[in-house]
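Observations on the model geometry
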Amino acid sequence: MSEKLSSADSGDPLAIGVDIGGTAIKAAIVGIRGDLFESFHEPSPRTASALRDFVHSVLKCAKIPVEGIGIGCKGIIDAASTRVKSLPGDLHFLEGQLLSEVIAAGDVLVCAENDARTALIAEVLWGSARGRRNVVMLTLGTGVGGAAGHLGHVTLDPRGGLCICGNYGCLETHFSLRAIESDYWAHMHRAASVKLSTGSTGQRPDTQAIFRAAAEGDESARCVIDRALEYLGAALVSFLHTFDPEIVILGGNIAAAGPQLIAPIQDKIARRTRILLGREVPIVFQKTVGYGGVAGAAGLIFLQQGLLAI
Ligand SMILES: [Zn+2]
């Protein structure tokens, strides 16, 4: 599926940004000001050739030459070589492969980076972190991405549940779409008081519905959200103490919950970090919501080509 957004100014450098996620793959033709000219998305590829076909179809739509193709991908990506070093889950077939070889775009430059880092690059180039050098960003979605190391996999509870990464009690097992939805499902399964029900085809309530239900007085939903926020707050306190950042950016699908997400924990975080940091660190939302992944992936190309600098 593709959507024409606007027409490129003549002469402005363009790059293609690709965001390979667990459920969908997105791409866009992106201008040097971070503006998207045309966007594309379809369900995540299940083979390397499906990924190549998708990117080539986008490349064909670009019409004028692009500076390169930037790729943001889940997992551990070696940016120097574009090799996918580790990628558990549905995109496992990419593990060990060089994305530049998979894409096989001839002379066109291909760069790759972890998707949480590309989202941060978009924020630094065009979003909330413009001009900042010391930023912590968490992308809160199906899992939790961190732009420095693997922040979603810090241990919050050493006796907690097993995580996709093999560790126990990670932030991701407590605060992610899957964690919130499975916790609410556990309440339903225990026949606790719940206001939401499974859909006609048996699908379980999603995080957005659970946030809404919590606001409308569903006690189980409130319990689930309070607990999840408690863990997110504890993790953020640790990140503030560890990195002493100028700003914290929350991105990803869950961040769309907006003020409802931040207000309850902001005070608590400020109180718990006051003594060591001596100042309140702003916790803000991602500006490039919904397109940060593709924009930041294209940003990789602008940076590599020396057209932009951080
Ligand atoms: Zn983990």
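These lines cover the structure that appears in this document, whether it is placed above or below. All chains use their own residue numbering, which begins from 1 and follows the written sequence. Side-chain atom pairs in this predicted model are given and counted only at pLDDT of 80 or more, local residue features only at pLDDT of at least 70, and totals for whole chains, interfaces and linings cover all residues. Only hydrogens and water are set aside; all other atoms, that is, all heavy atoms of the structure, feed into the side-chain values.

**Thoughts on the side chain of E38**
Labels follow the DSSP assignment, with helices taken as runs of H or I lasting at least four residues and strands as runs of E lasting at least two, numbered in each case from the N terminus. You can see E38 is positioned in strand β4 (residues 36–43). Every residue pair with non-hydrogen atoms within 4.5 Å of one another is taken to be in contact. When neighbours within four sequence positions are excluded, E38 is seen to be in contact with S2, E3, K4, L5, A27, A28, I29 and C61.

**Considerations on the coordination of the zinc ion**
Coordination partners: N, O, S within 2.8 Å of the metal, 3.2 Å for Na, K and Ca; water not considered, so apparent gaps in a site are possible. Protein-derived ligands of the zinc ion are H153 (ND1), C163 (SG), C165 (SG) and C170 (SG), with the metal-ligand distances lying across 1.9 to 2.3 Å. Labels for metal geometry use angle windows, namely 85 to 135 degrees for all angles of a four-donor tetrahedral site, and for square planar (four donors) or octahedral (six donors) sites opposite donors over 155 degrees apart plus all others within 65 to 115; sites meeting none of these are irregular. The site at the zinc ion holds 4 donor atoms, and with the angles between them running 105 to 119°, its shape is tetrahedral. Each donor residue of the zinc ion belongs to the same chain, with the gaps between them written as H-x9-C-x1-C-x4-C. Each member of the pair, C163 as well as C170, is classed as buried. Residue exposure (1.4 Å probe, protein chains only): buried if accessible area is under 20% of the type maximum, exposed if over 50%, otherwise partly exposed.

**Topic: helix α1 (residues 48–61)**
Within an α-helix, residues lying three or four positions from one another point in the same direction, as the helix has 3.6 residues per turn. Working rule for helices: expected span equals 1.5 Å times residues minus one. Over its 14 residues, α1 extends 20 Å from the first C-alpha to the last, a length consistent with the 20 Å expected when each residue adds 1.5 Å. By the burial criterion, the buried members of α1 are L51, F54, V55 and V58. All buried residues of α1 project into a common sector of 90° when viewed along the axis, lining one side. Residues of α1 that are exposed and point more than 90 degrees away from the buried face comprise D53 and K60. Close packing links the buried residues of α1 with β2 (14–20), β3 (24–31), β4, β5 (69–73) and α2 (99–103). At the exit of α1 stands K63, carrying a positive phi of roughly 60°. Arc definition: it is the arc formed by the directions from the helix axis to the C-beta atoms.

**Observations concerning the pattern of salt bridges**
The working definition used for a salt bridge is a side-chain nitrogen of Lys or Arg within 4 Å of a carboxyl oxygen of Asp or Glu. Inspection of the entire model under this criterion finds 8 salt bridges. Between K268 and E230 there is a salt bridge whose closest N-O contact spans 3.1 Å. Taken together, the residues span a long stretch of sequence, with K268 in helix α8 (residues 259–277) and E230 in helix α7 (residues 219–243) at a distance of 38 residues. Look at K268 and you get partly exposed, because its relative accessible area is 29%. Take E230: its relative accessible area is 37%, and that puts it in the partly exposed class. Here R279 ties to D244 by a salt bridge, and the two come within 2.3 Å at their closest N and O atoms. Linking R279 in the loop between α8 and β12 (283–285) with D244 in the loop between α7 and β11 (247–251), this pair joins segments that are 35 residues apart in sequence. In this structure D244 comes out as partly exposed when scored by relative accessible area, which is 37%.

**Brief notes about the nonpolar core**
Think of a nonpolar core as a cluster: buried Ala, Val, Leu, Ile, Met, Phe, Trp, Tyr and Cys residues, connected wherever their side-chain atoms sit within 4.5 Å. Ranked by internal contacts, the top residues of the largest apolar core, which has 37 residues, are L138, F175, L236 and L250. Every element with two or more residues in this core is listed here: β9 (135–140), α5 (177–189), α6 (207–215), α7, β11 and α8. With 11 residues, the top contributor of residues to this core is α7. L236 has contacts with L138, V248, L250, I265, I269 and I283, leaving out every residue within four places of it along the chain. If you look at the next biggest cluster of nonpolar residues, it comprises 29 residues, including L14, I25, V66 and L91.

**Some details on the packing of aromatic side chains**
The aromatic pairing rule takes the rings of Phe, Tyr and Trp, using the six-membered ring of Trp, and pairs them if the centres are within 6.5 Å, calling planes under 30 degrees apart stacked, those over 60 edge-to-face and the rest tilted. Evaluated as defined, the whole model comprises 1 aromatic pair. Taking the centre distance of 6.5 Å and the plane angle of 40° together, the rings of F239 and F243 count as tilted. Of this pair, F239 and F243 both sit in helix α7, separated by 4 residues, roughly a single helical turn. We classify F243 as partly exposed; its relative accessible area is 31%. Over the face of the ring belonging to W185 we find R204, whose NZ or CZ atom lies 3.9 Å from the ring centre. Remark: a charge is flagged as sitting over a ring if the NZ atom of Lys or the CZ atom of Arg is within 6 Å of the ring centre and within 35 degrees of the ring normal.

**Topic: the sheet that holds strand β8 (residues 110–114)**
Two strands form a pair only when DSSP identifies at least two bridges running between them. Overall, mixed pairing links the 6 strands, which are arranged β1-β4-β3-β2-β5-β8 in an open sheet. One side of each edge strand has no neighbouring strand; the edge strands of this open sheet are β1 (2–4) and β8. Neighbour-to-neighbour, the strand axes of this sheet turn through a mean angle of 15°, independent of strand direction. Here 5 bridges tie β5 to β8, and the two strands are oriented parallel to one another. When the bridges of β8 are listed, I69 appears paired with V110. Helix axes use the C-alpha atoms of the stretch in contact, all axes being lines fitted to C-alpha atoms, and the angles between their N-to-C directions lie in the range 0 to 180 degrees. Set on the sheet, helix α3 (residues 115–126) makes contact with β2, β3, β5 and β8; between it and β8 the angle comes to about 105°. Strands β2, β3, β4, β5 and β8 of the sheet are contacted by helix α9 (residues 292–304), whose axis makes an angle of about 135° with β2.

These figures capture arrangement, not role.
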